[in-house]
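Okay, here's what each chain looks like letter by letter:
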Amino acid sequence: MAALQACRRGLTRAPICGGINTAVLCRSCTSTSKDFFEKNKDLKRPMSPHVTIYRPQWTWTLSIVHRGTGLFLSAGVYGGALALAQSAGSFEAVIGDMSVHPVIGGLTKLGIAFPFIYHTLNGLRHLNWDRGNGFAIKTLEQQGMIVLGSSVLLSAAVAALL
């Protein structure tokens, strides 16, 4: 009982709250967490770090693009499969029935090629990280630029060939 009261006052030590040899606050203590949130509210701090307080960096920008391309590819596969399942003809017949301006067709091919190529190349970059290589900031940024540049060039080449 005394330990619980000490916890509520924020006076607990390691044996009561988890076995660490330093003084820690118990997680069930509501008064200290209330003080924490009131202090942060008075200081006008956000509840958690927000995108607006950080300077954009290539590493997290490319990470967001990687996730976006993964979602786009997943939606494209499932959407294309559903559209093809609903169509009356074969895949060749559906594609043959489409008649679009060459500029729109080229942009469409580029829009399909870029996510696939970027996601693949960035996935190889991630496999390199899984091996424990390339974690220096300069290396991370260089690899990101190489992946992005290669993706743009390869996507343009694929769109031009098809």
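Placed above this text is the structure.
Below or above, wherever it landed, is the structure these notes cover. (Residues numbered from 1 in each chain as written. Predicted model: local features only at pLDDT ≥ 70, side-chain atom pairs only at ≥ 80, totals over all residues. Heavy atoms only, no water.)

**Some words on the overall build of the protein**
In terms of helices and strands, the protein carries six helices and zero strands. For the protein, the succession of helices and strands along the chain, N to C, is α-α-α-α-α-α. The contacts in the protein between residues at least 6 apart in sequence include a share of 55% that link residues at least 24 apart. (Helix = DSSP H or I, 4+ residues; strand = E, 2+ residues; numbered from the N terminus. Contact = heavy atoms within 4.5 Å.)

**Thoughts on the side chain of H66**
Positionally, H66 belongs in helix α3 (residues 58-86). Engagement of the side chain of H66 in a polar contact is seen with the side chain of N122, the distance being 3.1 Å. Discounting chain neighbours no more than four positions away, the residues touching H66 are Y118, H119, N122, G123 and H126. (Polar contact = N/O pair within 3.5 Å; in protein donor to acceptor, adjacent residues only side chain to side chain.)

**Looking at the environment of T59**
Within the secondary structure, T59 sits in helix α3. The spatial distance from the C-alpha of T59 to the C-alpha of M145 is 9.8 Å, given a sequence separation of 86 residues.

**Here's the deal with helix α5 (residues 102-130)**
The end-to-end C-alpha distance of α5, which contains 29 residues, comes to 42 Å, matching closely the 42 Å that a straight helix rising 1.5 Å per residue would cover. The elements touched by buried residues of α5 are α3 and α6 (137-161). One or two residues past the end of α5 sits G132, with phi positive at roughly 90°. (Expected span 1.5 Å × (residues − 1).)

**Re the packing of aromatic side chains**
One pass over the structure, following the stated rule, counts three aromatic pairs. Centre to centre, the rings of F36 and F37 are 5.2 Å apart; their planes meet at 75°, and the pair counts as edge-to-face. Residue class for F36 comes out partly exposed when judged on its relative accessible area of 44%. F37 gets classed as partly exposed once you look at its relative accessible area, which sits at 44%. (Phe/Tyr/Trp six-rings, centres within 6.5 Å; stacked < 30°, edge-to-face > 60°. Buried < 20%, exposed > 50% of the residue type's maximum accessible area, 1.4 Å probe, protein only.)

**Notes on α6**
The end-to-end C-alpha distance of α6, which contains 25 residues, comes to 36 Å, matching closely the 36 Å that a straight helix rising 1.5 Å per residue would cover. Of the residues making up α6, those classed as buried are L140, Q143, G144, V147, S151, S155 and A159.

**Examining the packing of α3 against α6**
At a minimum axis separation of 9 Å, α3 and α6 run at an interaxial angle of 40°. If you check the angle between α3 and α6, you find them oblique. Read as a crossing pair, α3 and α6 show a hand that is left-handed. Facing W58, T59 and L62 of α3, the residues of α6 in contact are L140, G144, M145 and L148. (Axes fitted to C-alpha atoms, helices over the stretch in contact; angles between N-to-C directions. Parallel < 35°, antiparallel > 145°, perpendicular 65-115°, else oblique. Left-handed = near helix turned anticlockwise from the far one by under 90°.)

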